[in-house]
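# Structural characterization, general
As a plain string of letters, each chain reads:
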Amino acid sequence: MIDIQNLEFSYSKQTSLLSNLNLQLEAGRIHGLLGKNGEGKSTLLKLISGLVFPKQGEINVMGFKPEKRQPEMLQEIFFLPEELPQLTLSIENYEKVYAPFYPNFNTTQFNDYLKEFEIENKKSLLNKLSHGQKKKVFIAFGLATNTKLLLMDEPTNGLDIPSKGQFRRMVASTLDDSRCLIISTHQVRDLDSLIDSITIMDGHEIVFNEP
């Protein structure tokens, strides 16, 4: 699903964030991307999704080069960032605008996930929701896209303890052999019962990557 070879990346010429990074991730697994804040986990997810581009090395995602941002690739990737977008749309209008970009989006699933998260009113404006409620909406939407690759950056930040349990159940129920889920976190206890493959970053490099 993902093959990264000799990746080099930096935001400035003086400081290298990722150097000689190699990583292979398979479909059919929930991969936990673990490490302290500032290790480059978020940047790695952005590189995989084509939001930033490598300085050197190669990234192959589902047979595509992410930096080319081809629609055939983008419709099979959903990236949930840690910092959520500031939108004035209602939940139902957000769905109308963004769901068409994902051919396998399932409205029934989206409604079911929202109901499980106890978000009843799809006319609610996203910018009027609490951070936790907004996080739940985007998690529900991301799961309902049914993309082959789902990237989540610190998804449990802002969720209370019952909601974290709901999140784990939802994510576990969506996995099949064709999907790859990568969840970046430094809150290991939130995910230890969910992930089945562990990638650890330390010193801005991969130090462990095993089932």
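Residues numbered from 1 in each chain as written. Predicted model: local features only at pLDDT ≥ 70, side-chain atom pairs only at ≥ 80, totals over all residues. Heavy atoms only, no water.

## Side note on the overall build of the protein
Helix and strand counts for the protein come out as six helices and nine strands. Whereas a compact globule of 211 residues would reach a radius of gyration of roughly 17 Å, the protein reaches 17 Å, a difference of no more than 12%. Dimensions of the protein, computed from C-alpha atoms along their principal axes, come out at roughly 45 × 35 × 35 Å. Counting the 211 residues in the protein, one finds 47% classified as buried. Within the protein, counting contacts between residues at least 6 apart in sequence, those at least 24 apart form 69% of the total. (Helix = DSSP H or I, 4+ residues; strand = E, 2+ residues; numbered from the N terminus. Rg over C-alpha atoms; globule rule 2.2 N^0.38 Å. Buried < 20%, exposed > 50% of the residue type's maximum accessible area, 1.4 Å probe, protein only. Contact = heavy atoms within 4.5 Å.)

## Quick notes on the side chain of glutamate 39
Along the chain, the position of glutamate 39 falls in the loop between β3 (29-34) and α1 (41-49). Reaching out from glutamate 39, the side chain makes a polar contact with the backbone nitrogen of glycine 203 at a distance of 2.9 Å. Beyond its immediate chain neighbours, meaning those up to four positions away, glutamate 39 contacts Leu18, Met201, Asp202, Gly203 and His204. (Polar contact = N/O pair within 3.5 Å; in protein donor to acceptor, adjacent residues only side chain to side chain.)

## Some words on the confidence of the model for the protein
The share of residues in the protein with pLDDT of 70 or more is 100%, and the mean pLDDT across the chain is 92. Confidence, read as mean pLDDT per element, is least for strand β9 (residues 205-210) in the protein (90) and greatest for helix α3 (residues 91-98) (97). (pLDDT = per-residue confidence, 0-100.)

## Concerning the nonpolar core
Ranked by internal contacts, the top residues of the largest apolar core, which has 35 residues, are Phe110 and Phe167. Only β5 (77-80), α3, α4 (107-116), α5 (131-145), β6 (149-153), α6 (161-174) and β7 (180-185) provide two or more residues apiece to this core. If one sorts the elements of this core by residue count, α5 sits on top with seven residues. Not counting residues within four places of it along the chain, the set of residues in contact with phenylalanine 167 comprises Phe117, Ile139, Met152, Pro155, Thr156, Leu159, Ile183, Leu191 and Leu194. Core analysis: the second largest hydrophobic core is formed by 25 residues, Val52, Ile77, Leu151 and Ile182 among them. (Core = buried A, V, L, I, M, F, W, Y, C linked by side-chain atoms within 4.5 Å.)

## Digging into the sheet that holds strand β8 (residues 197-202)
Pairing in this open sheet of six strands is mixed, and the strands run β5-β6-β7-β3-β8-β9 from one edge to the other. Each edge of the open sheet carries a strand with a single partner, namely β5 and β9. Each strand of the sheet is rotated relative to its neighbour by a mean of 15°, with strand direction disregarded. For β3 and β8, the ladder comprises four bridges, and the chain directions are parallel. The residue of β8 that forms the bridge with leucine 33 is threonine 199. Sitting on the sheet, α1 is in contact with β3, β5, β6, β7 and β8, with an inclination near 155° to β6. Those strands touched by α6 are β3, β6 and β7, and its axis lies near 155° from that of β7. (Pairing = 2+ DSSP bridges. Axes fitted to C-alpha atoms, helices over the stretch in contact; angles between N-to-C directions.)

## Some remarks on the sheet that holds strand β1 (residues 2-9)
Ordered in space as β2-β1-β4, the three strands form an open sheet in which the pairing is antiparallel. Each end of this open sheet is capped by a strand with a single partner; those strands are β2 (18-25) and β4 (56-61). Sheet twist, expressed as the average angle between the axes of neighbouring strands with direction ignored, equals 15°. Summarising the sheet, β1 and β4 pair through five bridges and their orientation is antiparallel. By the bridge assignment for β4, glutamine 5 is matched with glutamate 58. Relative to the sheet, α1 contacts β1, β2 and β4, its axis offset from that of β1 by approximately 120°.

## Thoughts on unusual backbone geometry
Here asparagine 6, not a glycine, exhibits a phi torsion of approximately 50°, which is positive. The topology assignment puts asparagine 6 in strand β1. The class for asparagine 6 is partly exposed, based on a relative accessible area of 42%. In the Ramachandran plot, glutamate 118 falls in the positive-phi region, its phi being about 65° despite a non-glycine side chain. Its relative accessible area of 63% is what places glutamate 118 among the exposed residues.

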